[in-house]
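Remarks on the overall topology
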Amino acid sequence: MMMRMNLHCELFRLLPTLIGLVSVLLGAHQLASAQTVAYTHATVETLSSHGRLENATILVRSGKIVDVGVDVKIPDEARVVSLMGQTVMPGIIEPYLVYKRTAVSSEETETVTFGGRSFQIPTTRAFNPGSFDTISEYFYPYSFDFLRYVRAGVATVNLVSDGRGLSAFADMTVEPSADMLFESNGLLFARLTNETASIDVIRNPLNPRPTRGAPPTGQTRPGAAATGRPAGAEASASGQGQEQTPQSGGATNANEAQWAEVREGKRALIVNANNAAAVAHLVRILSNQPKVKVVLVVTGPNVYEALDQIKGTNISLVLKPEIATEPFSARRTNVAKMAADRNIPFAFSLTVGANQLENTWDEPLFPVASLVKTGLSRELALAALTSTPAKMLGIENNYGTIEAGKYANLLIFQGDPLTTGSRLKQVIVKGSSIYAN
Amino acid sequence: MRIKSSFNPVIVTCFLIFVSQAYLHAQDGGRGRGAPQPIQSPATEQSDEANDREKDATNPTPKKSNLLAIVGGDVYTVTGEVIRRGIVLIENGKIKAVGRGIEIPHDAEVIDASGQVVTPGFVAITMSNIGVRGNVTGNNRLEDALDPYDRNIKYALGVGITTGCIELAGGRGQGRRFRDGEEQAATEDVDMMNMPKLSDDGEPNDVTADPNSIREVTLDELRGYTLRDGEPEHRYLGIDPEFGEYVTESQLDYGIENTQMCPCCGLPILPTEPITPAPPSQEQPRRFAAIKMSYGNLGDMLIKENVFYSPAPGGLTGALNRHNWRRDVRQAREAMEKAAADAAGRAQGQAPAGGNQADSRDAMRQRMAAAASGNRAGGANALTPLLKKEVSLRITANTVNEIRDMIALAEELDYNLVIDGGIEAWLVASELSKTNVPVIFTPRQRRDPRVGEDESSGSSIESTGIFESNGVGFAVASLSPSISLDGIAGRDLTSLPLEAAFAVRGGASNNTALEAITIVPARMMGLQDRIGSIEVGKDADLLILNGHPLDYRSYVETAIVAGKVCYERPKDRVFPVYDRR
């Protein structure tokens, strides 16, 4: 008993020393990330103009790539990591990670009367645009399983909800923390179905009507000055307008700055449309908006039918990497290849499908590989995971390729990333390893 | 790897140039051969003109014309005669020329229809929500709910339907029976499994009312024949195949002869009710819209909203309803005339004194009156197109009395009428003809005559023949307005041409039956200037069939909607693809 007490006392006495030791170790870790690391003898998919480099060296310092190439001079102080036989590609950028799901149940019922009797039949509820989700405002990373995405090689994400709102960009880390967000003012996003309530969420801000609804800030209604009505009448009139379109009016006011940039084409608008009809309506909305750039997340089964309408517009696609089945038939389609044939830019979202990541444990790019096997070009497929989504999010200056000056977001695969059995060995984000397999 | 070449580079280059030139030349020639030859109609001459056209073609033409020519088929124009081996020329979605001896421009795309039949696209006058996703109610507008990729559009095109008159809100072919509050009140926890069931002695199991107040009725009485010994006697509420009608609770309660079924809505009229019963349904007008089956082409889909003014079935039956209707029409007409007079006054520059205020007060009064009269179409304004005869009043009427009542009302209040149903219309054909009232008719619909009125009620197999000989226009509707390939094959929209063929069986001519699914429904909707026949200036909604349009063996090979090919039988695989011998 006494001995035990002594031991405890001893431990308490040692505590400051232990803390000091740990802090020194952490400092060493910090030091390590500042240190130059040379990944040598690697096959590198740079995704830049250099393409694929064999037996190349990547020089990383302070979280950034210093140099890439076959004949890079390795500094004396650099720590050398040999990646003989392994392949390095840029970290995957996930353009549409649904961070928040609004509880929308499809288990609604409807009462119908038939022959004087009433029956309850299942039905789908009318579209509810929901609240405007500013992701950065309620970002709470500790209850969210980021690890399953890290395991798939996802290094950078665009966080959205399944409704509408303003997204935020985040880098993956070893432990989730609030510092993951590096851009809280991301892109506007909305879900689109072919219902008036849903279409208005996009249509009204894109075509601001000065005479109806809430007037955009800093803009006066032309009719108001002419008639000289008192301010009270003006307010009540606009109040009525808001009653008619409550959601869209509010959103227009709150995010007018972002919508103005969307109208100017300075930033993209993310739209999630789950069927070809919604895509047709989107194309119709955009027909008089030549500047607006749209990133269209398409997951529905018959979306491939609308590709011909998308061709030639400012719409780029986010696709689920899978061999899809045409509805009402047994025919298989490779939608990514169809988009590539029509010169429509596209990115892949590994997380869009339910449980897809679990199905492809350790080989996250297996579905992409199957698309490549069935005709999609390999370069486009890899770009759709890295450089294309970087351009969509507007972060291509720092992300998306392995080039000098960009962040060292690297995936190290056992072999070729698009070969069955080639495991993802390590995920490096901003120079530090966040996952090793 | 390097190839050591001993060739002179100049020679190699020359050779390469030669090869590429030859290749290009061959390609050009190939394109010339592969292109559809400009087909010469008998009346025009080849030679000089062809050369001219080639010269024209070499000139750079910046404006790309959108020309399509259907060549060589027998063209059933419907409103005119059949043109054997005719040509239909389409430009920018409209019919530019029809006939023989039409010169086909060099840049036109040509579809060879030789040996086949060209008809206008069919018009389904009754169609459930095809091409529409979700319910078009409340704030949800039709133009936003359109779905140009609805698979059912392909099925509709597969049988030749290029335009449909869809009913909005619910899409079950019936308007909602209850206002929101009433619907809640009427809700019972009844499902298919716990419906009242008859026991073997012919009584409902769950009669909760006082048994003395209910006349006892046996199954024999109910069904009109005696059961054989040992025959199972399980009867349920709902559709009874032997009975041929819906068996309702009141029929079980009161017996068949005491329970008259409302012919328009199928609800029972109980003997305790007054002679002019209150309408069984709320008077919310049904909303119809004309939708084009332009697959994948959102812009051309919506032709017209509110193609009819349509009170709910029974909405104009009974003294009170008729009183309200007359008042509504009178008020709407007064408002219309006042608006016209005001407009004329404004045109003359005399603003009516205090006109705005009086107007708004009148309008408010009318709105209140309309609201009090049962929420009819949001006030008198909805009636304006009807009174201007821009749309017709479409109402379900099946018995002789109902049809006569509707005709009399239409004559009195001066609007166009379309009778929907018309099972007994054959008995009043001359009156329909005199007043120029068309009928939406389903030739295969049957109804037994009422007891004691064997000669003057019920359906007739000769209805369509009687219509034609009396000059009554009729449109053919299918038995079911939906497309449901699994359940009621032969009765749904995919057999619309067959339903028209049954009109021929009833005595109508081929052309009348074809009119009944093309120009007559188009006229009913006021769209006769756009669809329903092959005439110059109309929309290019055309079918190419491999036989007569009313033949059960015929398939639609190609369907063209708004000038674009929207359906090809081999490609779309809606119907089996094989060559019949």
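Everything numeric here is computed off the predicted structure, so don't read it as measured data.

Right, let's get into the overall build of chain A. Helices and strands together make up the secondary structure of chain A, namely 14 helices and 23 strands. Put simply, chain A has 437 residues, and 50% of those count as buried. Counted over contacts in chain A with a minimum sequence separation of 6, partners at least 24 positions apart contribute 65%. In the structure as shown, chain A presents an accessible area of about 20,500 Å², 55% of it carried by carbon and sulfur atoms.

All names here are of chain B. This model, assessed by the stated rule, comprises 41 salt bridges over all chains. The salt bridge involving Arg-141 is made with Glu-143; its shortest N-O contact spans 3.2 Å. Classification of Arg-141 by relative accessible area gives partly exposed; the value is 35%.

Residues and elements named next belong to chain B. This prediction gives chain B a mean pLDDT of 75; 63% of its residues lie at or above 70. In the predicted structure, residues 351-355 sits below a pLDDT of 50 and forms 1 contact with residues beyond four places in sequence or in another chain. The complex model carries a pTM of 0.73, and its ipTM stands at 0.75.

Our focus in this paragraph is the state of the cysteines. Residue and element names in this part refer to chain B. This model, assessed by the stated rule, comprises 0 disulfides over all chains. Counting only cysteine sulfurs, Cys-165 is the nearest neighbor of Cys-566, a cysteine outside any disulfide, at a range of 20 Å. The buried category is assigned to Cys-566, whose relative accessible area is 6%.

Core analysis: the biggest nonpolar cluster contains 201 residues, and A:Leu159, A:Leu296, A:Leu317, A:Phe346, A:Phe348, B:Trp325 and B:Leu432 have the highest contact counts within it. When residues in this core are grouped by element, the largest group, 8 residues, is from helix H8 (residues 276-286) of chain A. In this structure, A:Val37, A:Tyr39, A:Val60 and A:Ala408 belong to the second largest nonpolar core, which totals 17 residues.

Residue and element names in this part refer to chain A. Two elements in contact, helix H3 (residues 196-206) and helix H7 (residues 256-264), have axes whose closest approach is 9 Å; the angle formed by their N-to-C orientations is 80°. It follows that H3 is roughly perpendicular to H7 by the angle criterion. For the pair H3 and H7, the contacting residues are Val-201, Ile-202, Pro-205 and Leu-206 in the first and Trp-259, Val-262 and Arg-263 in the second. Residue classes in the contact of H3 with H7 are distributed as 6 nonpolar, no polar and 1 charged.

A word on unusual backbone geometry. All names here are of chain B. In this structure, Asp-414 is a non-glycine residue whose phi angle is positive, near 60°. Residue position: Asp-414 is located in the loop between helix H11 (400-413) and strand E16 (417-421). Its identity as a non-glycine residue notwithstanding, Arg-573 has a phi of 55°, on the positive side. Within the element layout of this structure, Arg-573 appears in the segment after helix H17 (569-572).

Let's shift gears to the sheet that holds strand E14 (residues 188-192) of chain A. Backbone-to-backbone hydrogen bonds pair the strands of a sheet. The strands run either parallel or antiparallel. Residue and element names in this part refer to chain A. With respect to topology, 7 strands assemble into an open sheet ordered E9-E11-E14-E15-E16-E17-E20, the strand pairing being mixed. For this open sheet the edge positions go to strand E9 (132-134) and strand E20 (346-348), each flanked by a neighbour on one side alone. Across the sheet, the axes of successive neighbouring strands diverge by a mean angle of 20°, strand direction being ignored. The pairing of strand E16 (residues 294-298) with strand E17 (residues 315-319) spans 5 bridges and is parallel. Residue pairing in the sheet places Val-295 in a bridge with Ser-316 of E17. Strand contacts of H3: strand E11 (164-166), E14 and strand E15 (269-273), with the helix running at about 155° to E14, the strand carrying the most contacts. With respect to the sheet, H7 is in contact with E11, E14 and E15, its orientation differing from that of E14 by roughly 80°.

Residue and element names in this part refer to chain B. Those residues of helix H13 (residues 463-470) that sit buried are Ser-463, Thr-464, Gly-465, Ile-466 and Phe-467. Structurally, H13 contributes buried residues whose contacts are with helix H12 (429-435), strand E17 (439-441), strand E18 (474-476) and helix H14 (496-505). Gly-471 sits one or two positions beyond H13 and adopts a positive phi of about 80°.

Residues and elements named next belong to chain A. At their nearest, the axes of H3 and H8 sit 10 Å apart, and the two run at 10° to each other. As the angle between them shows, H3 and H8 are arranged roughly parallel. On the side of H3, the interface is formed by Ile-199, Arg-203 and Leu-206, while H8 contributes His-281, Ile-285 and Leu-286. When the residues that make up the contact of H3 with H8 are grouped by side-chain class, the tally is 4 nonpolar, 1 polar and 1 charged.

Residue and element names in this part refer to chain A. With 10 of 11 residues buried, H8 lies mostly within the body of the structure. Those residues of H8 that sit buried are Ala-276, Ala-277, Ala-278, Val-279, Ala-280, His-281, Leu-282, Val-283, Ile-285 and Leu-286. Residue Asn-275 occupies the N-cap position of H8, its side-chain oxygen lying 2.9 Å from the main-chain nitrogen of Ala-277.

With that out of the way, let us pick up the environment of A:Lys311. Looking at the secondary structure, you find A:Lys311 in the loop between helix H9 (307-310) and E17. With residues near it in sequence (within four places) discarded, A:Lys311 still touches A:Arg342 and A:Ile344.

Moving on to the sheet that holds E17(B). All names here are of chain B. If you trace the 5 strands from one edge of the open sheet to the other, you get E14-E15-E16-E17-E18, paired in parallel fashion. Lying at the two open borders of the sheet, with one neighbouring strand each, are strand E14 (308-309) and E18. Bridging between strand E15 (residues 392-397) and E16 involves 5 bridges; their strand directions are parallel. Considered in E16, the bridge of Thr-396 is made with Asp-420. Across the sheet, H11 is in contact with E15 and E16; its angle to E16 comes to roughly 165°.

Attention now moves to the confidence of the model for chain A. Looking at chain A, pLDDT values average 80 and 73% of them are 70 or higher. Per-residue pLDDT stays below 50 along residues 103-108 of chain A; that stretch engages in 6 contacts with residues further than four places along the chain or on separate chains.

Among the structural elements, A:His281 can be located in helix H8. Under the relative-accessibility criterion, A:His281 is labelled buried at 2%. A polar side-chain atom of A:His281 sits 3.4 Å from the main-chain carbonyl oxygen of B:Asp144. For A:His281, the contacting residues outside a window of four places in its chain are A:Asn194, A:Ile199, B:Glu143, B:Asp144, B:Ala145, B:Leu146 and B:Leu298.

Let us now look at the pairing of E17(A). All names here are of chain A. The element E17 is extensively covered by neighbouring structure, given that 5 of its 5 residues are classed as buried. Side-chain alternation along E17 places Ile-315, Leu-317 and Leu-319 on one buried face and Ser-316 and Val-318 on a second face that is also buried. Here 3 bridges tie E17 to E20, and the two strands are oriented parallel to one another. For Val-318, the partnering residue across the bridge sits in E20 and is Ala-347.

The rules behind each value
- Along each chain, numbering runs from 1 in the same order as the chain's sequence is written.
- Chains and ligands are labelled by the order in which they are written, letters from A for the one and numbers from 1 for the other.
- Residues qualify for local features only when their pLDDT is at least 70, as the model is predicted, and side-chain atom pairs are given and counted only at 80 or more; totals for whole chains, interfaces and linings, by contrast, use all residues.
- Heavy atoms throughout the structure, all of them, feed into the side-chain values; hydrogens and water do not.
- Numbered from the N terminus, helices here are DSSP runs of H or I no shorter than four residues, and strands are runs of E no shorter than two.
- Burial classes: relative accessible area under 20% of the type maximum marks a residue as buried, over 50% as exposed, and values in between as partly exposed (1.4 Å probe, protein chains only).
- When checking whether two residues touch, look at their non-hydrogen atoms; a contact exists if any pair is within 4.5 Å.
- All accessible-area figures derive from a Shrake-Rupley calculation using a 1.4 Å probe, and residue coverage is judged against the displayed protein chains alone.
- We define a salt bridge as a side-chain nitrogen of Lys or Arg found within 4 Å of a carboxyl oxygen belonging to Asp or Glu.
- What pLDDT reports is the predictor's confidence in each residue, on a scale of 0 through 100.
- By convention in this document, the label disulfide applies to cysteine sulfur atom pairs within 2.5 Å.
- Buried Ala, Val, Leu, Ile, Met, Phe, Trp, Tyr and Cys residues form a nonpolar core when they are joined through side-chain atoms within 4.5 Å.
- To obtain each axis, a line is fitted to C-alpha atoms, and for helices this fit is confined to the stretch in contact; angles are then taken between N-to-C directions over 0 to 180 degrees.
- In these notes the angle categories are as follows: under 35 degrees is roughly parallel, over 145 is roughly antiparallel, 65 to 115 is roughly perpendicular, and the rest is oblique.
- Side-chain classes follow a simple rule in which Ala, Val, Leu, Ile, Met, Phe, Trp, Tyr, Cys and Pro form the nonpolar group, Asp, Glu, Lys and Arg form the charged group, and the remainder, Gly included, forms the polar group.
- The criterion for strand pairing is that DSSP finds at least two bridges linking the strands in question.
- Here a polar contact means two N or O atoms within 3.5 Å. Within protein one must be a hydrogen donor candidate and the other an acceptor candidate, and residues neighboring in sequence count only if both atoms are side-chain atoms.

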